[in-house]
Amino acid sequence: MSLGTIFADLSHFGLIRFAGDDAQQFLNGQLSCDVASLEPRHARYGSYSTPQGRMLASFLLWREAAVFFMQLPASVRESTQKRLSMHILRSKVKAEDASGAHVLIGVAGKDASAILKPLFAELPAELLTLTSAKGASVLRLSADRYQIIASAERAPALRDAIAKDAAPVGTAAWDWLDIRAGIPYITPATREQFVPQMANLDLLGGVSFSKGCYPGQEIVARMHYLGRLKQRMYLANVAAKEAPQPGDKLYSAGTGEQACGTIVNVAAAPDGDFDMLAVMQIESAQHGDVHWNSPDGPQLKFLELPYRI
């Protein structure tokens, strides 16, 4: 299944910029990922949780020199920034909304590299790394998927050049690519519902089990070391007349009227129906008989994630 070579406006994401002498240390003490080892021009997935280990946000974090950018759904940007800012106290850190200062463009497909090569002196060779040139950076998300972070001045020319060889798509198509890649994004409908491992953040390199404390670290570590993880995130497709929504419940024969899972993200699939990422009981997923919205609702068809659970 392929969308061809496409590009998308990613303004449904927000950006938080963290700068200051203590930015790295501060973020390392707040986030699930290892920020202390994050080198310039590298990116990492991660999460921000309550003291009870429940995720308030999941994000992609990258570093440019001594400055850090957190990309997350715009719908949770303000609340996440506000909560993190409350903990800055006397640290030499400034957190600010950088959404309006940058234009985010996604490019994906078999010709993505060929389209971008003339626009940048160098493309990142490794996954989750960045290169920069003339007011824009390009981040490699996968073998054939990139994200451009451009200044408002540079963005129009880049967009026009890309449009010559790639088809424009809506944000839903980009969300579908994230879903197929197994990358979860917490939205208002799913805040404080999942521990990071439930949404596979540990499998994406978004959880460090060796660094110091951060909110929820004790819960996360206990679940890891004591093997008490009973839920994981799965990729599935469902045939439905109406679009499922994040936060919708899932049911299985083994749990009866009690829900066995929750939808995290969902998008229309190019060949029909809806693809979703859903956190559910491992036992229910292994049995395979899982239904959306009610015990006798449409049945999920499980698909293979690009990483092993």
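Note that the structure is a prediction, hence the values are computed from the model and not measured.

## Concerning the sheet that holds strand 16 (residues 290-292)
Reasoning step 1: Spatially, six strands are ordered 16-13-14-15-12-17 in an open sheet, and the strand pairing comes out antiparallel. Either end of the sheet is taken by a strand with one partner, and the two such strands are strand 16 and strand 17 (301-303). Ignoring strand direction, the axes of neighbouring strands in this sheet form an average angle of 40 degrees.
Reasoning step 2: Against the sheet, helix 5 (residues 171-180) contacts strand 12 (231-238), strand 14 (261-268), strand 15 (274-281) and strand 17, and its axis sits at roughly 130 degrees relative to strand 14.

## Notes on the nonpolar core
Within soluble globular proteins, side chains that are nonpolar tend to cluster in buried spots.
Reasoning step 1: Within the largest apolar cluster, 47 residues are counted, with the highest numbers of intra-cluster contacts made by Y45, L60, W62, L139 and W174.
Reasoning step 2: Top element by residues in this core is helix 5. It accounts for four residues.
Reasoning step 3: Once residues lying within four places of it in the same chain are set aside, the contact partners of W174 are I6, A8, L10, F13, G106, V107, A108, L141, R145 and Y146.
Reasoning step 4: Core analysis: the next-biggest nonpolar cluster, separate from the first, contains 22 residues, L27, L31, A57 and V76 among them.

## Some thoughts on the pairing of strand 9 (residues 136-142)
Reasoning step 1: In terms of residue burial, strand 9 counts as a mostly covered element, since six of its seven residues are buried.
Reasoning step 2: The pairing of strand 8 (residues 130-132) with strand 9 spans three bridges and is antiparallel. Residue S132 lies in a different strand from strand 9, and its bridge partner there is S137.
Reasoning step 3: Between strand 8 and strand 9, which follow one another and run antiparallel, lie three residues, and K134 among them has a positive phi close to 50 degrees.
Reasoning step 4: Strand direction decides the pairing type here: strand 9 and strand 10 (residues 145-150), joined by six bridges, are antiparallel. Residue pairing for strand 10: S142 is matched across the bridge by R145.
Reasoning step 5: Counted along the chain from strand 9 to the antiparallel partner strand 10, the turn is two residues long.

## A look at the state of the cysteines
Reasoning step 1: Per the stated rule, a full pass over the model turns up zero disulfides.
Reasoning step 2: Not engaged in a disulfide, the cysteine C33 finds its nearest cysteine sulfur in C213; these two sulfurs lie 16 Å apart.

## Notes on the packing of aromatic side chains
Reasoning step 1: All chains considered together, the criterion is met by four aromatic pairs.
Reasoning step 2: Between F209 and Y225 the ring centres are 6.3 Å apart and the planes differ by 75 degrees, which places this aromatic pair in the edge-to-face class. Of this pair, F209 sits in the loop between helix 5 and helix 6 (217-225) while Y225 sits in helix 6; the two residues are 16 residues apart in sequence, bridging distant segments of the chain.
Reasoning step 3: Classification of F209 by relative accessible area gives partly exposed; the value is 24%.
Reasoning step 4: Over the ring of F120 we find R154; its NZ or CZ atom is 5.8 Å from the centre of that ring.

## Looking at helix 4 (residues 155-163)
Reasoning step 1: Taken as a whole, helix 4 has its buried residues at A155, L158 and I162. Seen along its axis, helix 4 keeps its buried residues to an arc of 65 degrees; they face one direction.

About the thresholds
- Residues numbered from 1 in each chain as written.
- Predicted model: local features only at pLDDT ≥ 70, side-chain atom pairs only at ≥ 80, totals over all residues.
- Heavy atoms only, no water.
- Pairing = 2+ DSSP bridges.
- Helix = DSSP H or I, 4+ residues; strand = E, 2+ residues; numbered from the N terminus.
- Axes fitted to C-alpha atoms, helices over the stretch in contact; angles between N-to-C directions.
- Contact = heavy atoms within 4.5 Å.
- Core = buried A, V, L, I, M, F, W, Y, C linked by side-chain atoms within 4.5 Å.
- Buried < 20%, exposed > 50% of the residue type's maximum accessible area, 1.4 Å probe, protein only.
- Disulfide = S-S within 2.5 Å.
- Phe/Tyr/Trp six-rings, centres within 6.5 Å; stacked < 30°, edge-to-face > 60°.
- Lys NZ or Arg CZ within 6 Å of the ring centre and 35° of its normal.
- Arc of directions from axis to C-beta.

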